[in-house]
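So the chains spell out like this:
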Amino acid sequence: MTKRIYRSRTDRVIAGVCGGLAAYIPVDPVIVRIIAVLLGLWSFGTVLLVYLILALLIPLEPEQ
């Protein structure tokens, strides 16, 4: 079975993208969020655009 990436339903702050990425690569979601914020500050908003695109493209986690 292939591993799929989903936006998190339970571990979300805005759209669940960072929570889903953290679940996909077993890492604490806080670390993913800190990295996203730091990259967002250094990239002059490019990471924000990527986040919004990922929020639209990555499906929401199925209900269990």
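Residues numbered from 1 in each chain as written. Predicted model: local features only at pLDDT ≥ 70, side-chain atom pairs only at ≥ 80, totals over all residues. Heavy atoms only, no water.

Undergrad: Would you take a moment to explain the overall build of the chain for this structure?
TA: Broken down by element type, the chain carries three helices and zero strands. Its C-alpha atoms give the chain a radius of gyration of 12 Å, near enough to 11 Å, the size a compact globule of 64 residues would have. Dimensions of the chain, computed from C-alpha atoms along their principal axes, come out at roughly 35 × 25 × 20 Å. Counting over 64 residues, the chain shows a buried share of 22%. Total accessible area on the chain is roughly 4900 Å²; 71% of this is exposed by carbon and sulfur atoms. Computed over 6 positive and 4 negative side-chain charges, the inter-centroid distance for the chain is 7 Å. (Helix = DSSP H or I, 4+ residues; strand = E, 2+ residues; numbered from the N terminus. Rg over C-alpha atoms; globule rule 2.2 N^0.38 Å. Buried < 20%, exposed > 50% of the residue type's maximum accessible area, 1.4 Å probe, protein only. Areas by Shrake-Rupley, 256 points an atom, 1.4 Å probe, with all protein chains shown as cover. Lys, Arg positive; Asp, Glu negative; His and termini not counted. Charge placed at Lys NZ, Arg CZ, Asp CG, Glu CD.)

Undergrad: Is there a simple way to explain the pattern of salt bridges in this structure?
TA: Once their charged atoms are close, side chains differing in charge can pair, the charge on each being opposite to the other. Using the criterion set out here, one finds one salt bridge in the structure. For Asp 11, the salt bridge identified is with Arg 33, shortest N-O distance 3.1 Å. In this pair, Asp 11 sits in the segment before α1 (17–24) while Arg 33 sits in helix α2 (residues 29–42), placing the two residues 22 residues apart along the sequence. Using a relative accessible area of 29% as the deciding quantity, one classes Asp 11 as partly exposed. (Salt bridge = Lys/Arg side-chain N within 4 Å of Asp/Glu carboxyl O.)

Undergrad: Help me out: how do you make sense of the packing of aromatic side chains in this one?
TA: Each aromatic ring pair is characterised by the separation of its centres together with the angle its planes make. With the rule as written, the count across this model stands at zero aromatic pairs. Of note, Lys 3 hangs over the ring of Tyr 24, and the distance from its end group to the ring centre comes to 5.1 Å. (Phe/Tyr/Trp six-rings, centres within 6.5 Å; stacked < 30°, edge-to-face > 60°. Lys NZ or Arg CZ within 6 Å of the ring centre and 35° of its normal.)

Undergrad: Sorry, what's going on with the side chain of Arg 7 here?
TA: Positionally, Arg 7 belongs in the segment before α1. Despite its burial, Arg 7 remains without a salt bridge, the nearest opposite charge being carried by Glu 61 at 9.9 Å. There is a polar contact of 3.2 Å between the side chain of Arg 7 and the backbone oxygen of Ala 15. Within the structure, Arg 7 has its side chain in polar contact with the backbone oxygen of Ala 55 (distance 3.4 Å). When near neighbours in sequence (up to four residues on either side) are disregarded, Arg 7 contacts Arg 12, Ala 15, Gly 16, Val 17, Leu 54, Ala 55, Ile 58, Pro 59, Leu 60 and Glu 61. (Polar contact = N/O pair within 3.5 Å; in protein donor to acceptor, adjacent residues only side chain to side chain. Contact = heavy atoms within 4.5 Å.)

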